[in-house]
Amino acid sequence: MKWHGTPLSGLTVIETDTVADARGRFVRVFCDAELAALRPGLHFPQINLSTTFARGSVRGLHFQRPPAAEAKLIRCLSGRVLDVAVDLRRGSPTYLRWHGVELSAEQPRQVFIPEGFAHGFQALTDDVQLLYLHTAAWNRDYENRLRYDDPRLAIDWPLPVTQVSELDRHAPLLDDQFEGVEA
Ligand SMILES: Cc1cn([C@H]2C[C@H](O)[C@@H](COP(=O)(O)OP(=O)(O)O[C@H]3O[C@H](C)C(=O)[C@H](O)[C@H]3O)O2)c(=O)[nH]c1=O
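No experiment lies behind these values; they were computed from the predicted model shown.

## Quick notes on the layout of surface pockets
Put simply, the largest pocket is a space of about 520 Å³. Along the wall of the largest pocket there are 29 residues; nearest its centre are Ser 50, Arg 59, Gly 60, His 62 and Tyr 132. Mapped by element, the contributors of at least two residues to the lining of the largest pocket are β5 (46-52), β6 (58-64), β11 (117-123) and β12 (128-134). Of the residues assigned to the lining of the largest pocket, the class counts are 10 nonpolar, 14 polar and five charged.

## Some details on the UniProt feature "active site" (unreviewed entry) in the chain
Residues given the UniProt feature "active site" (unreviewed entry) here are His 62 and Tyr 132. In three dimensions, the annotated residues from a span of 71 residues occupy one location, with a maximal C-alpha spread of 12.6 Å. Of the annotated residues named above, the ones that line the largest pocket are His 62 and Tyr 132. Its location among the elements puts His 62 in strand β6. Non-local contacts of His 62, meaning those with residues more than four positions away in its chain, are made with Lys 72, Phe 117, Ala 118, His 119, Glu 143, Asn 144, Arg 145 and Asp 168. Mapped onto the fold, Tyr 132 is located in strand β12. Relative accessible area serves as the criterion here: at 11%, Tyr 132 is assigned to the buried category. Other than its neighbours up to four places away in sequence, Tyr 132 contacts Gln 46, Ile 47, Asn 48, Leu 49, Ser 50, Arg 59, Leu 73, Ile 74, His 119 and Phe 121.

## Remarks on the sheet that holds strand β2 (residues 12-15)
Ordered in space as β1-β2-β10-β7-β12-β5, the six strands form an open sheet in which the pairing is antiparallel. Every other strand in the sheet has two partners, leaving β1 (2-5) and β5 as the edge strands with one partner each. Recorded for the sheet is a direction-independent mean angle of 25° between the axes of neighbouring strands. When β5 meets β12, the two strands line up antiparallel, connected through seven bridges. Looking at the pairing, Asn 48 lines up with Tyr 132 of β12.

## Some thoughts on the environment of Pro 40
Along the chain, Pro 40 falls in the loop between α1 (32-35) and β5. In this structure Pro 40 comes out as exposed when scored by relative accessible area, which is 63%. Put simply, Pro 40 and Ile 113 are 73 residues apart on the chain and 15 Å apart in space, counted from C-alpha to C-alpha.

Conventions used here
- Residues numbered from 1 in each chain as written.
- Predicted model: local features only at pLDDT ≥ 70, side-chain atom pairs only at ≥ 80, totals over all residues.
- Heavy atoms only, no water.
- 1 Å grid on protein atoms, 1.4 Å probe; cavity = no way out; pocket = protein on both sides within 12 Å on 5 of 7 lines; lining within 4 Å.
- Points joined across faces, edges and corners; volume = space filled by probe spheres on them.
- Helix = DSSP H or I, 4+ residues; strand = E, 2+ residues; numbered from the N terminus.
- Nonpolar A, V, L, I, M, F, W, Y, C, P; charged D, E, K, R; others polar.
- UniProt positions renumbered as here; feature names shortened; annotations may be inferred.
- Contact = heavy atoms within 4.5 Å.
- Buried < 20%, exposed > 50% of the residue type's maximum accessible area, 1.4 Å probe, protein only.
- Pairing = 2+ DSSP bridges.
- Axes fitted to C-alpha atoms, helices over the stretch in contact; angles between N-to-C directions.

Structure below.
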């Protein structure tokens, strides 16, 4: 596995090695030893899979506050997405900045999103499947949502937004009381 950084420190794009032969392709999604230099002792107590039917749909922006803060390893298993992370870390020089990474089933690319980031994505094709490895279990009491269309974030979604969940559609807009997340 090789990886490289992004303009948001800690947000990392991982290129997994692909073994291809006449039967098809094989990749390692996660390897503790290979990723120890990125983050030692990564452990994923919860792995989720979402299916998104329609091109243009947006899921997110979600994050969990401490003590349930989580890092996520994301891989696209079907279709293509723009995967977006927003830096919410209090005091970060890139606080409230966002960065997008295109992921697709055809590319051996994953993204590692550390704690302190909100996460969302837009389906760029129909029939997207996204795999999420979480370093903390889902905890409704600590789950927070930000608006995908918050003008203070100004995320440049590539397509007109089609499907959004009611919870995401009615997520709060950022205001002066928002203090980010202790990282
Ligand atoms: C995460 C989770 C959710 N749920 C329930 C809560 C809702 O009733 C339903 C769907 O949850 P939600 O609307 O939060 O799912 P998404 O909007 O697809 O959120 C997902 O995509 C965005 C981009 C993310 O970053 C989240 O980490 C990821 O969960 O499943 C559970 O029952 N267990 C769980 O572990």
